[in-house]
Amino acid sequence: MRFGAILRRRCPQCLKGAVFAGLFRMHARCPECGFGYFPEPGYFMGAIYFSYGMTLAIGTPVFLGLLYAGVAYWHCVAATGGFLALLFPALRQYSRVLWLHFDRTLGNW
Ligand SMILES: [Zn+2]
């Protein structure tokens, strides 16, 4: 249930309301239950851990796959960086949603 809500980028409280209103804009509160997504300034600094993990989990196989296929090192670096740049909006959204769900289930607020 929660895993599906994370995949669909839904509220950590009710698992129904959308967290994002657009590609980069978040709702201040859940449209379904009113749960606040911004409890304090700098709250989403914790999302950096998830962003870092997802970037490594996606970027490393892409980079090593290109390198193994015989592509020149700096071309691998550029291609992997470009690929991750294209994924930036999705990585940003999922890192924030994962942080919200992590904090809601394991945090104490
Ligand atoms: Zn909600």
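Residues numbered from 1 in each chain as written. Predicted model: local features only at pLDDT ≥ 70, side-chain atom pairs only at ≥ 80, totals over all residues. Heavy atoms only, no water.

**Observations regarding helix 3 (residues 73-106)**
We apply this condition: Helical segments are the DSSP runs of H or I of at least four residues, strand segments are the runs of E of at least two, and each set is numbered from the N terminus. Helix span, expected: 1.5 Å multiplied by one less than the number of residues in the helix. To get the bend at any residue, fit one axis to the seven residues that end at it and another to the seven that begin at it, then take the angle between the two axes.
An ideal rise of 1.5 Å per residue puts 50 Å on 34 residues; helix 3 reaches only 41 Å between its terminal C-alpha atoms. The largest bend along helix 3 measures about 55° and falls at Leu-87, with the proline Pro-89 one to four residues further on.

**Details of the nonpolar core**
Note the following rule: Note on terminology: a nonpolar core comprises buried Ala, Val, Leu, Ile, Met, Phe, Trp, Tyr and Cys residues joined through side-chain atoms within 4.5 Å. Summary of the burial criterion: residues with accessible area below 20% of their type's maximum are buried, those above 50% are exposed, and those between are partly exposed, where the area comes from a 1.4 Å probe applied to protein chains only.
In this structure, Val-19, Met-26, Tyr-37, Phe-44 and Leu-100 are the most contacted members of the largest nonpolar core, which totals 14 residues. Element by element, the count of residues in this core is highest for helix 3, at 3 residues.

**Points about the coordination of the zinc ion**
Just so we agree on the cut-off: For Na, K and Ca the donor cutoff is 3.2 Å, while for all other metals N, O and S atoms must lie within 2.8 Å; water is not among the atoms, so some sites may look incomplete. Only two sets of limits are used to name each site, 85 to 135 degrees for every angle of a tetrahedral four-donor site, and over 155 degrees for opposite donors with all other angles from 65 to 115 for a square planar four-donor or octahedral six-donor site, with any other site named irregular.
Coordination sphere of the zinc ion, protein contribution only: Cys-11 (SG), Cys-14 (SG), Cys-30 (SG) and Cys-33 (SG), at 2.2 to 2.4 Å. Here the zinc ion binds 4 donor atoms, and the angle range of 106 to 113° at the metal identifies the geometry as tetrahedral. Read in sequence order, the donor residues coordinating the zinc ion give the pattern C-x2-C-x15-C-x2-C. In this pair, Cys-14 is assigned in the loop between helix 1 (2-7) and helix 2 (47-68) and Cys-33 in the loop between helix 1 and helix 2, connecting sequence segments 19 residues apart. By relative accessible area, Cys-14 is classed as partly exposed at 22%. Judged by relative accessible area, which is 38%, Cys-33 ranks as partly exposed.

**Some remarks on the environment of Ala-18**
Within the fold, Ala-18 resides in the loop between helix 1 and helix 2. Measuring from C-alpha to C-alpha, the distance between Ala-18 and Arg-92 comes to 15 Å, with 74 residues separating the pair along the chain.

**Side note on the side chain of Thr-80**
Note the following rule: In this analysis, two residues are considered to be in contact whenever any of their non-hydrogen atoms come within 4.5 Å of each other.
Looking at the secondary structure, you find Thr-80 in helix 3. Given the relative accessible area of 7%, Thr-80 is considered buried. Once you skip the residues sitting within four places of it in the chain, Thr-80 turns out to touch Gly-59, Val-62, Phe-63 and Leu-66.

**Quick word on the confidence of the model for the protein**
The condition is simple: By definition, pLDDT measures how confident the predictor is in each residue, and it falls between 0 and 100.
Per-residue confidence for the protein gives a mean pLDDT of 94, with 98% of residues at or over 70. Summarising per-element confidence for the protein, the mean pLDDT is lowest in helix 1 (93) and highest in helix 2 (97).

**Regarding a nonpolar patch on the surface**
Using the following cut-off: Residues qualify for a patch when their relative accessible area is over 30% and they have no salt bridge, like charges being joined within 9 Å and the nonpolar side chains of Val, Leu, Ile, Met, Phe, Trp and Tyr within 5 Å. Using a 1.4 Å probe, the Shrake-Rupley method yields the accessible areas, and only the shown protein chains count as cover for residues. The term salt bridge refers to a pairing of a side-chain nitrogen on Lys or Arg with a carboxyl oxygen on Asp or Glu at a separation within 4 Å.
On the surface, Leu-64, Leu-67, Tyr-73, Trp-74 and Val-77 cluster together into a nonpolar patch covering about 520 Å² of accessible area. Among the elements of the structure, helix 2 and helix 3 are those that each provide at least two residues to the nonpolar patch. Here the element with the most residues in the nonpolar patch is helix 3; it accounts for 3 residues. Tracing the chain through its elements places Val-77 in helix 3.

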